[in-house]
Amino acid sequence: MIQLIDLNKTFKTADGNVEALKDINLTIEDGDIFGIIGMSGAGKSTLVRCINMLERPSSGKVIVGSDDMAALSPAELRRKRRSITMIFQQFNLLMQRNCLKNVCFPMELEGIPKKEARRKAAELLELVGLPDKALSYPAQLSGGQQQRIAIARALATNPEVLLCDEATSALDPNTTHSILELIKDINKKLGITVVVITHQMSVVEDICKNVAILDEGRVVESGKVADIFGNPRSDAAKRLVFPDGEETILPPGEGETRLKILFNGSATADKPLIASMAATQGVMAKILGASTRSFNEQAFGEMLISVPDDQAQTALGYLRSEKGIIVEEVKNDAR
């Protein structure tokens, strides 16, 4: 388990103090894939670097397992860091070493015998799907392949925690998906706790079980991904979940009733709800605005529709009979 308790980090600059992290309180359970998301400058990278003490917090505690990280001696901290490994956006491979030797490198630092290190490195290259690249050099690989080698190297010390700092930001969408699938597979097979730092909601959708939203150094919202998607409360969460924002809606016309439909994650994303209502009930609805998205084949968000006054009760009855949605009549053009 990782516990961040009343965590603060202040940097001193020529222009004065900058509060990068403010009163962070988070608990990350063992075996979780936990996302920390926010826009540029939110404090995400500072937060993840505090977990392994690459950045020393100004105040507060970081507890990993049973260890208070700030209380460890330098030697104890070095040993602890072997169980908290990290992968980065730019891979950080040693260009003068082939892939096998890159994976062997952290084991060499631990004094593991060369033969044993090479055997384990070969197993890890198999795990990440690149057994044939053992003698290749990083410059000969694609970005996705380099990140796979970086993941294999990160696993060489049998870590309990894998920190991913914008690890897919330099990759195209297809490669990003394959790397995230690999991380999920490693999490499942090895039980490693994964902390994912990202500014991309699509990454959270693909891989994370729980998420914290960081804004200007504060955690403004945290919980299960489905709960945050279904009902984002903070402005920062709404910007991330629905980046297109809300559309300006014209005033209601005469003889028109407006209905707001809320999708809480129980409804399937592939059902043509409005078309089905027209086909089965004869209700001709206009979609005035929508902020919806799909996650794990479920729908989240809201939709604003308009129906003729004389069909409003039919529409309400039909929509309320559907599982996984809440519908309410909108008064005074309030969304």
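Residues numbered from 1 in each chain as written. Predicted model: local features only at pLDDT ≥ 70, side-chain atom pairs only at ≥ 80, totals over all residues. Heavy atoms only, no water.

Asker: Could you give me a rundown of unusual backbone geometry, with the residues and numbers involved?
Answerer: The phi angle at aspartate 23 is positive, at roughly 50 degrees, despite the residue not being glycine. The topology assignment puts aspartate 23 in strand β2 (residues 16-28). Accessibility expressed as a relative area gives 46% for aspartate 23, which makes it partly exposed. At asparagine 92, a residue that is not glycine, the phi angle is positive and equals roughly 60 degrees. The residue asparagine 92 is located in the loop between β6 (84-88) and α3 (99-109) in this model. (Helix = DSSP H or I, 4+ residues; strand = E, 2+ residues; numbered from the N terminus. Buried < 20%, exposed > 50% of the residue type's maximum accessible area, 1.4 Å probe, protein only.)

Asker: Break down the side chain of serine 234 for me, citing the residues and quoting the values.
Answerer: Tracing the chain through its elements places serine 234 in the loop between α8 (225-230) and α9 (235-241). Within the structure, serine 234 has its side chain in polar contact with the side chain of glutamate 221 (distance 2.8 Å). Sequence-distant contacts of serine 234, that is, excluding residues within four places in its chain, are made with Val220 and Glu221. (Polar contact = N/O pair within 3.5 Å; in protein donor to acceptor, adjacent residues only side chain to side chain. Contact = heavy atoms within 4.5 Å.)

Asker: Lay out the nonpolar core with the relevant residues and their values.
Answerer: In this structure, Ile87, Ile149, Ile151, Ile183 and Ile207 are the most contacted members of the largest nonpolar core, which totals 52 residues. Not counting chain neighbours up to four residues away, the residues in contact with isoleucine 149 comprise Leu93, Cys99, Asn102, Val103, Leu125, Leu130 and Leu141. Core analysis: the next-biggest nonpolar cluster, separate from the first, contains 28 residues, Ile28, Cys50, Ile197 and Leu214 among them. (Core = buried A, V, L, I, M, F, W, Y, C linked by side-chain atoms within 4.5 Å.)

Asker: Any chance you could break down the confidence of the model for the protein chain for me, citing the residues and the numbers?
Answerer: Counting all residues, the mean pLDDT for the protein chain is 87, and 90% of those residues have values of 70 or more. Within the protein chain, helix α4 (residues 114-127) carries the highest mean pLDDT (96), whereas strand β12 (residues 286-295) carries the lowest (73). (pLDDT = per-residue confidence, 0-100.)

Asker: Help me get a handle on the sheet that holds β2, residues and values and all.
Answerer: In spatial order, the strands read β2-β1-β4-β5; together these four strands make up an open sheet with antiparallel pairing. Looking at which strands have only one partner, the edges of the open sheet turn out to be β2 and β5 (67-68). Direction of pairing for strand β4 (residues 59-64) relative to β5: antiparallel, over a ladder of two bridges. Across the sheet, the residue bridging to valine 64 is aspartate 67, located in β5. Strand contacts of helix α1 (residues 44-51): β1 (2-13), β2 and β4, with the helix running at about 120 degrees to β1, the strand carrying the most contacts. (Pairing = 2+ DSSP bridges. Axes fitted to C-alpha atoms, helices over the stretch in contact; angles between N-to-C directions.)

Asker: How would you summarise the environment of leucine 47 if you had to cite specific residues and measurements?
Answerer: Secondary-structure assignment places leucine 47 in helix α1. Sequence separation of leucine 47 and tyrosine 137 is 90 residues, and the distance between their C-alpha atoms is 32 Å. In this structure, leucine 47 is in contact with Leu4, Leu7, Leu21, Ile24, Leu26, Ile36 and Leu214, ignoring residues within four places of it in sequence.

Asker: Tell me about the pairing of β2, residues and numbers included.
Answerer: As defined by bridge partners, β1 adjoins β2 across nine bridges and the pair is classed as antiparallel. Paired with leucine 7 across the strands is isoleucine 24, a residue of β2. The turn linking β1 back onto β2 is made up of two residues.

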